[in-house]
Amino acid sequence: MTKPCIICVAITGSLPTKANNPAVPITVSEQVESTHEAFEAGATIVHAHVRNDDETPSSDPEKFAALKEGIERHCPGMIIQFSTGGRSGAGQTRGGMLPLRPDMASLSVGSNNFPTRVYENPPDLVDWLAREMLLHEIKPEIEAFDLSHILKAKDMADKGQLAGTPYIQFVMGVKNAMPVDRDVFDYYIHAVRRLFGEETPWCAAGIGANQLRLNEWAVAAGGHARTGLEDNVRLDRDRLAPSNAALVRRVVDICDSNNRPVARWQEARRILGLRLPEQTNKGQAA
Ligand SMILES: [Zn+2]
């Protein structure tokens, strides 16, 4: 199998803190530095949340703007994906940064349980987020916490609520949501191919110790892989991950053993149907 593999690094998230792992980047400058290291290691998508200085989740568009500017300057070509996930704000504040026009944004299209609460994605909010993404020419990444979310994405695509073919990520191993289950994983792939076409790209993320397993499954099955400290702060039972880059290198090794080249940013943009980066840094963005 020679299809290039896109590696996404979820650098921060809204939950892990320095107490969990000192390598979790919190400030914008830490985030830019960690992203740069992960980019050099082979990641071509950065999935980002922003935090307040006290490490609590934020949805402040100014922080997102500073992060985008820093990543564009230090990682030219890298695909920037902002989270519109539910922990960083309620209602439309979750999409307040979309006018910044990142390449991509995460989009959850249905509700489900999380470890200690309901992850609420009411239909009117889902529709509004999708409209904002269309308006600002942002490709959504559909976060599939459940099979129904894949079928909902198909319904939205058919109704013209999503631009082009959605990029679907299977999320497995969140407590109280979909567990890591190989039959379900295989059925998810089957569903994506049936609904969107055989060659439609998809990716997968596992939470905690399951990150490695989902990386292995996705790479071997021809999908794309997400890693990063948002989903998992450990290398193994005994060792904390020293950086986001270390987790990216672990996926690069899996790609090597599956004879899959790691996609460069130009290939990743082509596979996902994304525009070339805006020429804000002439000379660097070549
Ligand atoms: Zn996230």
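Everything numeric in this text was worked out from a predicted model, so none of it was measured.

### Comments concerning the packing of helix α1 (residues 28-41) against helix α7 (residues 244-257)
Now for step 1: Packing of α1 against α7 brings their axes to within 8 Å, and their N-to-C directions diverge by 15°. In terms of orientation, α1 lies roughly parallel with respect to α7. The handedness of the crossing between α1 and α7 is right-handed. Taking contact as the criterion, the partners of S34, E37, A38 and A41 in α1 are, on α7, N244, A245, V248, R249 and V252.

### Considerations on helix α4 (residues 147-158)
Now for step 1: For α4, with twelve residues, the first-to-last C-alpha span of 17 Å sits near the 16 Å given by 1.5 Å per residue.
Now for step 2: Buried residues of α4: H149, I150 and A153, and no others. The buried residues of α4 occupy an angular sector of 105° when projected down its axis, which confines them to one face. Turned more than 90 degrees away from the buried face of α4 sit D155 and D158, all of them exposed.
Now for step 3: Where α4 is buried, its residues meet β9 (139-144), β10 (167-172) and α5 (182-196).
Now for step 4: Two residues or fewer past α4, G160 is found with a positive phi of approximately 80°.

### Comments concerning the confidence of the model for the protein
The predicted coordinates of low-pLDDT regions are not to be read in fine detail.
Now for step 1: For the protein, per-residue confidence averages 94 on the pLDDT scale, and residues scoring 70 or more make up 95% of the total.
Now for step 2: Long-range and interchain partners of residues 280-286, a stretch whose pLDDT sits below 50, account for nine contacts in this model, where long-range means more than four residues apart.

### What about helix α8 (residues 265-272)?
Now for step 1: Taken together, the buried positions of α8 are occupied by W265, A268, R269 and L272. Buried residues of α8 fall within an arc of 100° about the axis and therefore sit on the same side.
Now for step 2: Against β2 (45-48), β5 (79-82), β9 and β10 lie the buried residues of α8.
Now for step 3: After α8 finishes, the residue G273 shows a positive phi value of roughly 70°.

Calculation notes
- Residues numbered from 1 in each chain as written.
- Predicted model: local features only at pLDDT ≥ 70, side-chain atom pairs only at ≥ 80, totals over all residues.
- Axes fitted to C-alpha atoms, helices over the stretch in contact; angles between N-to-C directions.
- Helix = DSSP H or I, 4+ residues; strand = E, 2+ residues; numbered from the N terminus.
- Parallel < 35°, antiparallel > 145°, perpendicular 65-115°, else oblique.
- Left-handed = near helix turned anticlockwise from the far one by under 90°.
- Contact = placed C-beta atoms within 7 Å.
- Expected span 1.5 Å × (residues − 1).
- Buried ≥ 20, exposed ≤ 12 C-beta atoms within 10 Å, placed from the backbone.
- Arc of directions from axis to C-beta.
- pLDDT = per-residue confidence, 0-100.

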